[in-house]
Amino acid sequence: MSDPQILGPVDVVLLCVKSYDVINTLEYCKPILSKNTLLIFMQNGISHLNLQDHLHDASVAFGTTTEGATLLGTGHVRHAGCGVTYLGFLQPPGKLETVLLQKTHDVLSTGGIQAHITDNILARLWAKLFVNAGINALTAILNCKNGDLLTIPGIDRRMEAAVDEAIQIAKEKNIPIMDDPHQTTLIVCRKTAKNVSSMLQDVRNKRRTEIDAINGAVVTLGKESGIDTPENSRLYNQIKELEANYVR
């Protein structure tokens, strides 16, 4: 049973759709959301962090994961690598929200997913943004696996520039920065060398990408902060050119 009109309010909703589908999905889920519902956003990028007008009284938590997966077809997913999932709140939670997030963590852990509740989910979200900004668009443009970015001449400089622009913005906005984003991006490339990024999967399957929520978000925040983002702008425009061939 998956019809929100039939289900009625629920305790927890894990929102795992693409970033560009979030608002429409929240409207679709309206019948199952209430003041006692915890809505957990699991999107790439950062464009989903300010959607207060679309929550329908539900409380909000955020998650980020490094689990790898490849969509092979409808209902058919290949697990491409184990990772770590972090869950947390941007605002101090109430007692009910705390209990619901803990129960969600316990369910994930019981199912074999390495999950942690963190007090610094914003830093975790940006840590993944740095990596995605440096890897995803480049793999989609070059039609290559993650590890190939380490061997194609000149691409290391583009990757470094994209990540560095995002770092500058994070510092300007006083976003906590974890570890060294440049080194982390290289490490992810090595550890996921044989993986096909989600953005490349989208391009290969002629689907809309999440470029607006990743490199596009960096460009937007750069304009707001007075920080130039030439590499992220270039990546954004190149992906949009690819999408123009099939997205209408």
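All values derive from a computational prediction rather than experimental measurement.

A. Fine view of the pairing of strand β2 (residues 38–41). What you see with β2 is no split at all: Leu38 and Ile40 on one side and Leu39 and Phe41 on the other are buried throughout. Here strand β1 (residues 12–15) pairs with β2 via four bridges, running parallel. Its bridge partner being in β2, Leu14 is matched across the sheet by Ile40. Running through helix α2 (residues 22–28), the crossover from β1 to the neighbouring parallel element β2 is right-handed.

B. A look at the nonpolar core. Formed by 52 residues in total, the largest nonpolar core has its most connected members in Leu39, Phe41, Trp126 and Leu149. If you tally residues by element for this core, the top one is helix α4 (residues 121–142), at 11 residues. Sequence-distant contacts of Leu39, defined by excluding residues within four places in its chain, comprise Val13, Leu15, Leu26, Leu33, Leu55, Ala58, Ser59, Val60 and Ala61. Core analysis: the next-biggest nonpolar cluster, separate from the first, contains nine residues, Ile40, Ala61, Leu100 and Leu101 among them.

C. Representation of the packing of helix α5 (residues 155–172) against helix α8 (residues 215–225) in the model. Viewed as axis vectors pointing N to C, α5 and α8 meet at an angle of 50°, and their least axial separation amounts to 10 Å. By the criterion of interaxial angle, the relationship of α5 to α8 is oblique. The way α5 lies across α8 gives a crossing that is left-handed. In contact with Ala166, Ile169 and Glu172 of α5, α8 contributes Val218, Leu221, Gly222 and Ser225.

D. Highlighting the pairing of strand β7 (residues 114–117). Summarising the sheet, strand β6 (residues 84–88) and β7 pair through four bridges and their orientation is parallel. Its bridge partner lying in β7, Tyr86 is registered against His116. Taken together, β6, helix α3 (residues 95–110) and β7 form a β-α-β motif whose crossover is right-handed.

E. Just a positive patch on the surface, in detail. Side chains of Arg78, Lys145, Lys194 and Arg204 sit close together on the surface and give a patch of like positive charge. Along the polypeptide, Lys194 turns up in the loop between α6 (181–191) and α7 (198–204).

F. Quick look at the pattern of salt bridges. Applying the stated criterion to the full structure yields six salt bridges. Linking Lys18 and Glu210 is a salt bridge whose minimum nitrogen-to-oxygen distance equals 3.9 Å. Separated by 192 residues along the polypeptide, Lys18 in the loop between β1 and α2 and Glu210 in the loop between α7 and α8 bring together distant segments of the chain. Looking at Glu210, the relative accessible area reads 5%, which means it is buried. Arg207 is the salt-bridge partner of Asp202, the closest N and O atoms lying 3.0 Å from each other. Under the relative-accessibility criterion, Asp202 is labelled buried at 1%. We classify Arg207 as partly exposed; its relative accessible area is 28%. Residues joined by salt bridges that share partners form a network here, namely Lys18, Asp202, Arg207 and Glu210.

Each value, and the rule that gives it
Residues numbered from 1 in each chain as written. Predicted model: local features only at pLDDT ≥ 70, side-chain atom pairs only at ≥ 80, totals over all residues. Heavy atoms only, no water. Buried < 20%, exposed > 50% of the residue type's maximum accessible area, 1.4 Å probe, protein only. Helix = DSSP H or I, 4+ residues; strand = E, 2+ residues; numbered from the N terminus. Pairing = 2+ DSSP bridges. Right-handed = clockwise from strand over helix to strand, strands pointing away. Core = buried A, V, L, I, M, F, W, Y, C linked by side-chain atoms within 4.5 Å. Contact = heavy atoms within 4.5 Å. Axes fitted to C-alpha atoms, helices over the stretch in contact; angles between N-to-C directions. Parallel < 35°, antiparallel > 145°, perpendicular 65-115°, else oblique. Left-handed = near helix turned anticlockwise from the far one by under 90°. Patch = residues over 30% accessible without salt bridge, like charges linked within 9 Å, V, L, I, M, F, W, Y side chains within 5 Å. Areas by Shrake-Rupley, 256 points an atom, 1.4 Å probe, with all protein chains shown as cover. Salt bridge = Lys/Arg side-chain N within 4 Å of Asp/Glu carboxyl O. Lys, Arg positive; Asp, Glu negative; His and termini not counted. Charge placed at Lys NZ, Arg CZ, Asp CG, Glu CD.

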